[in-house]
Structures are given as C-alpha cells and as structure tokens.
Amino acid sequence: MTYDPMDDRAPAFSHSALHVFGLLARRGGTMRIGPLLDAARLPPDALAEAVNELAERCWVKIAWRNPRRRLPPGLPERFRAVDRVTTTGLGKWRYPVTWPE
C-alpha cells in the first residue's frame, strides 16, 4: 500500500493490520513469525500484507536473519528470512486511538 504524503490523511488501516498489531501489543510487543502466524489465524499472504502495511507506516520493525536451512514445521517458505516482528514507539503511541473506518 502506498499513499501520497501530500494528502491530508493516509488511507485507513485494514482490519487485518490492526488485528496483527493488537496481537503484538498484547504479547509484549514482539513475536517470532511462526507463533504470530499461528496466533493471527490469517492465511500467510494476508499476514504478510498486514505486516507490510504496519511496517510501511513505521508501526512495526521486522527483524531479518540469514535464511534458515530448515524451516520450522508449518512455516511457509516466504517467511524463511524473517526472525521476528516488533512494535515501535510510534505504533504503541498511535494504536489506542486508531480505528478502522
């Protein structure tokens, strides 16, 4: 998702993005990608879109690692290089007052 910074306001967050951020916030602000995928109960593509949406707005940071030789069971190939997703100070500050339209 991209938006023009010259616009008065950015597009609303998706429900999936707010759901994922809520999971992170309730679990201490950081989760490894496997447990996040299990807890979110979203398809892998939807989870990736939600995390990308949050990262684009600087609400989360993605910690990368060198690709693993073996993936944990049930983890899709697209998440091979992701270690964990962590909330940022901006995300923690804005989340309580942000609601989908």
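See the structure shown above.
Attention in this report is confined to the structure presented alongside it. (Residues numbered from 1 in each chain as written. Predicted model: local features only at pLDDT ≥ 70, side-chain atom pairs only at ≥ 80, totals over all residues. Heavy atoms only, no water.)

1. Examining the sheet that holds strand 1 (residues 30-32)
Right, on to step 1. The 3 strands lie next to each other as 1-3-2, forming an open sheet whose pairing is antiparallel. What marks the edges here is a single partner per strand, and that holds for strand 1 and strand 2 (60-64). Within this sheet the neighbouring strands show an average axis-to-axis angle of 20°, counted without direction.
Right, on to step 2. Across 5 bridges, strand 2 lies against strand 3 (residues 82-87) in antiparallel orientation. Within the sheet, the bridge partner assigned to A63 lies in strand 3 and is R84.
Right, on to step 3. Contacts from helix 2 (residues 33-40) reach strand 1 and strand 3, with the element oriented near 100° to strand 1. (Pairing = 2+ DSSP bridges. Helix = DSSP H or I, 4+ residues; strand = E, 2+ residues; numbered from the N terminus. Axes fitted to C-alpha atoms, helices over the stretch in contact; angles between N-to-C directions. Contact = heavy atoms within 4.5 Å.)

2. Some details on the environment of L42
Right, on to step 1. Note that L42 resides in the loop between helix 2 and helix 3 (44-56).
Right, on to step 2. Spatially, the C-alpha atom of L42 lies 14 Å from that of G22, the residues being 20 residues apart in sequence.
Right, on to step 3. If near-sequence neighbours (up to four positions away) are discounted, L42 is found in contact with S16, H19, V20, L37 and L47.

3. Thoughts on the nonpolar core
Right, on to step 1. Judged by nonpolar contacts, the single largest core of 24 residues is most densely connected at V20, I33, L36, L47 and L54.
Right, on to step 2. At 6 residues, the largest contribution of residues to this core is made by helix 1 (residues 15-26).
Right, on to step 3. Ignoring sequence-local partners within four residues, the contact set of V20 consists of L36, L42, L47, A50, V51 and L54. (Core = buried A, V, L, I, M, F, W, Y, C linked by side-chain atoms within 4.5 Å. Buried < 20%, exposed > 50% of the residue type's maximum accessible area, 1.4 Å probe, protein only.)

4. Examining helix 3
Right, on to step 1. The end-to-end C-alpha distance of helix 3 is 18 Å, a good match for the 18 Å that 13 residues give at a rise of 1.5 Å each.
Right, on to step 2. Listing the buried residues of helix 3 in full gives L47, A48, A50, V51, E53 and L54.
Right, on to step 3. Elements in contact with the buried residues of helix 3: helix 1, helix 2, strand 2 and strand 3.
Right, on to step 4. Looking one or two places after helix 3, you find C58, whose phi comes out positive at around 65°. (Expected span 1.5 Å × (residues − 1).)

5. Some remarks on the pairing of strand 3
Right, on to step 1. As paired strands, strand 1 and strand 3 are joined by 3 bridges and run antiparallel to one another. Across the sheet, residue R32 finds its bridge partner in strand 3, namely R84.

6. Some thoughts on the packing of aromatic side chains
Right, on to step 1. Counted by the stated rule, this structure contains 3 aromatic pairs.
Right, on to step 2. An angle of 40° between the planes, with centres 4.5 Å apart, marks the rings of F13 and W59 as tilted. With F13 in the segment before helix 1 and W59 in the loop between helix 3 and strand 2, this residue pair connects regions lying 46 residues apart in the sequence.
Right, on to step 3. A residue is classified by how much of its surface remains accessible, and W59, at 4% relative accessible area, is buried.
Right, on to step 4. Measuring from ring centre to ring centre gives 5.2 Å for F21 and W59, while their planes differ by 70°; the resulting arrangement is edge-to-face. Here F21 is found in helix 1, whereas its partner W59 is found in the loop between helix 3 and strand 2, with 38 residues between them in sequence.
Right, on to step 5. The buried category is assigned to F21, whose relative accessible area is 1%.
Right, on to step 6. A network of ring pairs unites the aromatic residues F13, F21, W59 and Y95 as a single cluster. (Phe/Tyr/Trp six-rings, centres within 6.5 Å; stacked < 30°, edge-to-face > 60°.)

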